[in-house]
Amino acid sequence: LSPVFAIFVSYILLGEKIRLLGAIGILCIVLGGYLLNIDVLHKGILEPFKHALRLHGTKLIMLVAFIYGITSPLGKILIEHSSVFAFAVIYFAVLAVVSTVLFLIRHAVINKRLPNLEDLGLKGNKTQAWLYLAIGALFALAIITHSLAISMTKVAYMISIKRMGLLFSVFYGWLIFKETNIHI
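The shown structure was predicted, so the numbers you read here are calculated from the model rather than taken from an experiment. (Residues numbered from 1 in each chain as written. Predicted model: local features only at pLDDT ≥ 70, side-chain atom pairs only at ≥ 80, totals over all residues. Heavy atoms only, no water.)

## Focus on the packing of aromatic side chains
Which entries qualify depends on this criterion: In this analysis, rings of Phe, Tyr and Trp, with Trp reduced to its six-membered ring, are considered paired at centre separations within 6.5 Å, and the interplanar angle assigns stacked below 30 degrees, edge-to-face beyond 60, and tilted for intermediate values. Secondary structure elements follow DSSP: runs of H or I of four or more residues count as helices, runs of E of two or more count as strands, with numbering from the N terminus. Accessible area is worked out with a 1.4 Å probe on protein chains only. A residue is then buried under 20% of its type maximum, exposed over 50%, and partly exposed in between.
This model, assessed by the stated rule, comprises seven aromatic pairs. Pairing Phe5 with Phe66 gives two aromatic rings, centres 5.2 Å apart and planes at 85°, and the pair type is edge-to-face. Taken together, the residues Phe5 in helix 1 (residues 2-14) and Phe66 in helix 4 (residues 56-81) connect sequence positions 61 residues apart. Note on Phe5: relative accessible area 26%, which makes it partly exposed. Between Phe87 and Phe92, the ring centres sit 6.4 Å apart and the planes meet at 80°, which makes this aromatic pair edge-to-face. Classification of Phe87 as buried rests on a relative accessible area of 8%. The structure contains a cluster of three or more aromatic residues connected by ring pairs, namely Phe87, Tyr91, Phe92 and Phe139.

This is the structure:
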């Protein structure tokens, strides 16, 4: 749903107008969420939506989609007023610091102490430390390519194409991990 929210927020904040064919493409991608619950369609045409909204996790995901629908156009504004790399470094460095502080607070509240290296699985495990560094490097690459892409086109289009990555994830799950109950 974040591309749908981005259509409206991008229009308000950036003046971006989506063509009819682009809107149809975005709706096709969003309809994938409807199809996830198509097995309850026999109860009514709106039942897949109702079924999804009964789940607490789905409500939270929709909230996240709404937030992304707002922050993506705001990110484009920041990129336009600075640069792709400045945005990527500053925004996600701040995000990393805030996330780390929230993690430490949560860990301290739950465990009544701050985490140590053993809690994080890092003490004496150089392989795992290198794995974390590799994950961080790949995430940095994802952030830079996201920022580049959003600077080059309309926000709703870019976010829609990014969400299509979920289709590849499902396909790879079926192909590599032999996941079942996937209808291709």
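## Points about the nonpolar core
Selection rule: Residues belong to a common nonpolar core when they are buried Ala, Val, Leu, Ile, Met, Phe, Trp, Tyr or Cys residues joined through side-chain atoms within 4.5 Å. Any two residues having at least one pair of non-hydrogen atoms within 4.5 Å are treated as being in contact.
Core analysis: the largest hydrophobic core is formed by 13 residues, its most contacted members being Ile26, Ile79, Ile150, Val155 and Ala156. Those elements that place two or more of their residues in this core are helix 1, helix 2 (20-35), helix 5 (84-111) and helix 7 (155-163). It is helix 7 that contributes the most residues to this core, four residues altogether. Each residue touching Val155, except ones within four places of it in the same chain, is listed here: Ala6, Ser10, Leu14, Glu16, Ser72, Pro73, Lys76 and Ile150.

## A closer look at the packing of helix 1 against helix 2
Rules: Only the contacting stretch of a helix is used when fitting its axis, a line to C-alpha atoms as for every element, and angles between N-to-C directions run 0 to 180 degrees. Classification convention: Asp, Glu, Lys, Arg as charged; Ala, Val, Leu, Ile, Met, Phe, Trp, Tyr, Cys, Pro as nonpolar; all other residues, Gly among them, as polar.
Closest axis-to-axis distance for the helix 1/helix 2 pair is 9 Å, and the angle between their directions is 145°. Each of Pro3, Val4 and Ile7 in helix 1 lies in contact with helix 2, whose residues at this interface are Ile26, Leu27 and Val30. Of the residues assigned to the contact of helix 1 with helix 2, the class counts are six nonpolar, no polar and no charged.

## A look at the environment of Leu63
Along the chain, Leu63 falls in helix 4. Residues Leu63 and Ser2 lie 61 residues apart in sequence; the distance between their C-alpha atoms is 9.4 Å.

## Section: the confidence of the model for the protein chain
In regions of low pLDDT, the predicted coordinates are not meant to be interpreted in detail. Test applied: pLDDT is a residue-level measure of predictor confidence that goes from 0 to 100.
Per-residue confidence for the protein chain averages 84 on the pLDDT scale, and 93% of its residues sit at or above 70. Put simply, helix 3 (residues 47-53) is where the protein chain has its lowest mean pLDDT, 76, and helix 1 is where it has its highest, 91.

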